[in-house]
Amino acid sequence: MINFQFHMPTRIIFGPGKLNELGTTPFLPGRRALVVISSGGSMVTHGYMQLVQTLLAQNGAESVVFDKIRPSPVVEHVMEGAALAREEHCDFVIGLGGGSAIDSAKAIALMAVNPGSYWDYMPSGSGGRQVPSERALPIVAIPTTAGTGTEADPWTVITREQTREKIGWGNDSTYPVLSIVDPRLTLTVPARMTAMTGMDAFFHAVEAYVSRAQQPTSDLLAQQAVSLITSFLPQVVADGSSIEARTMLSWASTAGGVCESLSSCVSQHSMAHALSAFYPDIPHGAGLVMLSVAYFRYLSRYVPARMVDLAYFMGVDVDSLPEKDQPFAFVGALENLIRQVGLEDLKLSDFGVRREDMPKLAKNALETMGGLFNLTPTQMNERVVTEIFEAAYT
Ligand SMILES: [Zn+2]
């Protein structure tokens, strides 16, 4: 039986060269922007920051820059950015960069107009479970990687270091009102980061496809994203200079974001967040890749028809396989894709993860990101989650 809610309020301007429309669009939601970027310096080195400020000025908007965001952004920087937005009387917030910058922009936009600490509003773990009284300032997303899909969903993932919690949260006001997805901005992303972010997008689509929250539109977009990433990610990792191939990956990423809005991720994301809450050096995409084979080998038993579909959209001739092997064809194709994009060398032990950590990680995943377990198509208790972590350990 089909039943669902369809809500996807973001205006998305998509295509190579489309960043220029920032200078002319009538849909800019304010006159004074806080532009949130990472602390790494790449937005300045590549000239994207200056270009965005010039285009904003052309469109009659002033801008102030906040450049402290680290990978796995933390509460302290959200609060600092929110204070700056208030001091500078910014009336909208732009996230320019990868997922960390855009997620932070969303959290900053919320805290610029709500009292207390960001963590007061987290609905799980040590969060205060309050409901924000005010809508976030309007958010504009300009992604420079193809992976997170945050330009097309309300989710923001922020870490509280003291308690080792990394929690995804969002509400209707943290959807970007405008996202400009210009695949040209991804041409400068190095091969390994392209591989990791591309695999993140792949898992958004795959997880949305098996989630209990699946619906007809997310199904179609997930099928397309899985197929595009399988075809184009190995090519772009080998040679990142083709704008046509980069454009396919940017679209797959944005489509994956829409999937996260219309359907949802499942507990593989809870487990990856637990990993990087304890080991912040693990890039999000890498965490997912290291868990994925063990995770989907487990899940394949419970949603065999969906897994057969996914294998089919990865190009596997499923009908030629014995019936008992068909649900596991996806896992084989996934291992192949991980090899083709050069990530088969990723090992949890190389990031300092210890085998004895597994029960602790499982507990953290269930306590901080339990919501996604409810949307996972089979029930997973702490023992099962620990076993999956152990199976993924090398
Ligand atoms: Zn993700």
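The rules we used
- Residues numbered from 1 in each chain as written.
- Predicted model: local features only at pLDDT ≥ 70, side-chain atom pairs only at ≥ 80, totals over all residues.
- Helix = DSSP H or I, 4+ residues; strand = E, 2+ residues; numbered from the N terminus.
- Buried ≥ 20, exposed ≤ 12 C-beta atoms within 10 Å, placed from the backbone.
- Contact = placed C-beta atoms within 7 Å.
- Pairing = 2+ DSSP bridges.
- Axes fitted to C-alpha atoms, helices over the stretch in contact; angles between N-to-C directions.
- Core = buried A, V, L, I, M, F, W, Y, C linked by C-beta atoms within 7 Å.
- Domains from an automatic or database assignment.

**Some points on the overall build of the protein chain**
Phase 1: The helix and strand inventory of the protein chain stands at 14 helices and 8 strands.
Phase 2: The buried share of the protein chain, reckoned over its 394 residues, is 54%.
Phase 3: Taking contacts inside the protein chain between residues at least 6 apart in sequence as the whole, the part at least 24 apart equals 80%.

**What to know about the sheet that holds strand β5 (residues 139–143)**
Phase 1: Strand order across the open sheet formed by 6 strands is β1-β8-β5-β4-β2-β3, with parallel pairing between neighbours. Of all strands in the sheet, those with a lone pairing partner are β1 (11–14) and β3 (62–69), marking the two edges. With strand direction ignored, the average angle separating the axes of adjacent strands in the sheet is 20 degrees.
Phase 2: Of the strand pairs in this sheet, strand β4 (residues 92–97) and β5 are connected by 5 bridges, and their pairing is parallel. Its bridge partner being in β5, V93 is matched across the sheet by I139.
Phase 3: Here helix α3 (residues 75–87) sits on the sheet in contact with β2 (32–38), β3 and β4, set at roughly 165 degrees to β3.
Phase 4: Of the strands in this sheet, β2, β3, β4 and β5 touch helix α4 (residues 99–111), which is tilted by about 165 degrees from β4.

**Considering the nonpolar core**
Phase 1: Judged by nonpolar contacts, the single largest core of 133 residues is most densely connected at V36, V93, L96, I108 and A205.
Phase 2: Each of two domains, domain 1 (11–186) and domain 2 (191–392), supplies a minimum of three residues to this core.
Phase 3: Sequence-distant contacts of L96, defined by excluding residues within four places in its chain, comprise V35, V36, I37, M43, Y48, M49, V52, A101, I142 and T144.

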